[in-house]
Amino acid sequence: MGRESAIVSEKVKLLLALLALQFCFAGFHIVSRVALNIGVSKVVYPVYRNIIALLLLGPFAYFLEKKDRPPLTFSLLVQFFLLALLGITANQGFYLLGLYYASPTFASAMQNSVPAITFILASALRLEQVNLGRRDGLAKVLGTVASVGGASIITLYKGPPLLHLTNQITPENTLEHQDHTSSNKIQNWTWGCIFLFGHCISWAGWMVLQAPVLKKYPAKLTLTSFTCFFGLIQFLVIAAFVETDINRWIIQSGEELFTILYAGIVASGIVFSLQTWCIHKGGPVFVAVFQPLQTLLVAVMACLILGDQLYSGRILGAVFIVAGLYLVLWGKTEEKKEANQEKEEESLTKHLLEAESKDKESANSSDIP
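Because the structure is a prediction, the values reported are computed rather than measured.

## Overview of the overall build of the protein
Helix and strand content of the protein: 13 helices and zero strands. Along the protein, from the amino end to the carboxyl end, the secondary structure elements read α-α-α-α-α-α-α-α-α-α-α-α-α. Taking all 369 residues of the protein together, the buried fraction comes to 45%. Across the protein, the fraction of contacts at a sequence separation of at least 24, relative to all contacts at a separation of at least 6, is 90%. Total accessible area computed for the protein in this model is approximately 19300 Å², and 66% of it derives from carbon and sulfur atoms.

## Concerning the nonpolar core
Residues Leu-18, Tyr-45 and Met-207 are the most contacted members of the largest nonpolar core, which totals 75 residues. At 11 residues, helix H1 (residues 2-37) tops the list of elements feeding residues into this core.

## Some remarks on the packing of helix H9 (residues 220-242) against helix H10 (residues 254-282)
For the pair H9 and H10, interaxial distance at closest approach is 10 Å and the crossing angle is 130°. The orientation of H9 relative to H10 falls into the category oblique. Viewed along their axes, H9 and H10 form a crossing whose handedness is right-handed. Across the interface between the two elements, Lys-220, Leu-221, Thr-224 and Cys-228 from H9 touch Phe-272, Ser-273, Thr-276, Trp-277 and His-280 from H10. Each residue belonging to the contact of H9 with H10 can be placed in one class, and the counts come to four nonpolar, four polar and one charged.

## With respect to the confidence of the model for the protein
A low pLDDT means the predicted coordinates there should not be read in detail. Scored by pLDDT, the protein has a mean of 79; 83% of the residues are at 70 or more. Low pLDDT (under 50) marks residues 167-182, which in the prediction has 25 contacts with non-local residues, meaning those over four places away or in another chain.

## With respect to the packing of aromatic side chains
Considering all chains together, one arrives at 15 aromatic pairs under this definition. Centroid distance Phe-28 to Tyr-45: 6.4 Å. Interplanar angle 5°. Geometry classified as stacked. Of this pair, Phe-28 sits in helix H1 while Tyr-45 sits in helix H2 (residues 44-64); the two residues are 17 residues apart in sequence, bridging distant segments of the chain. When sorted by exposure, Phe-28 lands in the same class as Tyr-45, which is buried. For the pair Phe-258 and Tyr-262, a centre-to-centre distance of 6.3 Å together with 45° between the ring planes defines the contact as tilted.

## Examining a nonpolar patch on the surface
Taken together, the side chains of Phe-229, Ile-233, Leu-236, Val-237, Ile-238, Phe-241 and Val-242 make up a nonpolar region of the molecular surface, amounting to roughly 640 Å² of accessible area. When you line up the elements, Phe-229 lands in helix H9.

## Focus: the environment of Gly-283
Note that Gly-283 resides in the loop between H10 and helix H11 (284-288). In this structure, the C-alpha to C-alpha distance between Gly-283 and Ala-122, residues 161 residues apart in sequence, is 9.5 Å.

## Focus on helix H5 (residues 114-124)
Buried within H5 we find Val-114, Pro-115, Ile-117, Thr-118, Phe-119 and Ala-122. One or two residues past the end of H5 sits Arg-126, with phi positive at roughly 60°.

## Side note on the packing of H2 against H9
Where H2 contacts H9, the two axes come as close as 8 Å, and the packing angle between them is 150°. Accordingly, the angle class assigned to the pair H2 and H9 is roughly antiparallel. The way H2 lies across H9 gives a crossing that is left-handed. Contacts between H2 and H9 involve Pro-46, Val-47, Asn-50, Ile-51, Ala-53, Leu-54, Leu-57, Gly-58, Phe-60, Ala-61 and Leu-64 on the former and, on the latter, Leu-221, Thr-222, Thr-224, Ser-225, Cys-228, Phe-229, Leu-232, Phe-235 and Leu-236.

What counts, and where the lines are drawn
Residues numbered from 1 in each chain as written. Predicted model: local features only at pLDDT ≥ 70, side-chain atom pairs only at ≥ 80, totals over all residues. Heavy atoms only, no water. Helix = DSSP H or I, 4+ residues; strand = E, 2+ residues; numbered from the N terminus. Buried < 20%, exposed > 50% of the residue type's maximum accessible area, 1.4 Å probe, protein only. Contact = heavy atoms within 4.5 Å. Areas by Shrake-Rupley, 256 points an atom, 1.4 Å probe, with all protein chains shown as cover. Core = buried A, V, L, I, M, F, W, Y, C linked by side-chain atoms within 4.5 Å. Axes fitted to C-alpha atoms, helices over the stretch in contact; angles between N-to-C directions. Parallel < 35°, antiparallel > 145°, perpendicular 65-115°, else oblique. Left-handed = near helix turned anticlockwise from the far one by under 90°. Nonpolar A, V, L, I, M, F, W, Y, C, P; charged D, E, K, R; others polar. pLDDT = per-residue confidence, 0-100. Phe/Tyr/Trp six-rings, centres within 6.5 Å; stacked < 30°, edge-to-face > 60°. Patch = residues over 30% accessible without salt bridge, like charges linked within 9 Å, V, L, I, M, F, W, Y side chains within 5 Å. Salt bridge = Lys/Arg side-chain N within 4 Å of Asp/Glu carboxyl O.

This is how it looks when you write it as structure tokens:
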């Protein structure tokens, strides 16, 4: 009974952590849009973000994991560097470029491809077992498709409005309008799609490759700190060639300071730690399948904070997302039950064979005169 209670408690913790993770990501969409609108540099923004994250995570990693931290090797440092290249430099760089050339709504929609890309990569690398002949395997596939489909409905189908808002932001004030009214809007939109697709691939690759690294180096905070450190170094090298104007590095308003602090403390420090912990507990596919929930949260937050209209299509999409998440959760639970049952059967079979072997040896020894 106590063991079952502990298992349920771990599942609740994992679900709450994943929900908090998506809330933080959704807020980052809103904050990043504000940062780009007020003119924060696309290179300075991630540099300051990762400096704050490193200052936040570094001391915790040093003191909390001082005794449990495995020894560092050159091979591990190379893997940390590659994780930073994927999870920070490519991930954050492509995201900001895509957000600048496209729109926040489209950026959130494109990120819904992350579960499918992660699922494919994890399956190809045999990190995720998929058996379509069993109910749990079919449920995971259908759940992923339903979640992505629900988020696509939220983005592509509006439906009739549910609220009649008087303080709704006009198109003239939005980034989408600025993009669509520019003379080179088609070219910008194409580049936005390309950059955001690169962002999704790098994000999925980071989550998949992080899983085997965590097995070799289970000190999660230290791993995250090294990732932030190498990502910061990589961005500083890029900044040395791209952002040479010293005025672009000066924070000139409280609004700029807030966006940078949110990006560093919440979107990097808290999010990286949460995501690493969730990947360690649930696996990369289980974490990635919650990604479509972010689109729903962005829609709700945009309605409450920015005054955007809430449409019935978003409610319909939410139903698909919840159904998809339930299917994946059920599939993962059944998969674990099946695996535990197989282990118990193997253990029982091994025990019976050993007992039978001992009985035969005993019988043979008693027959000897």
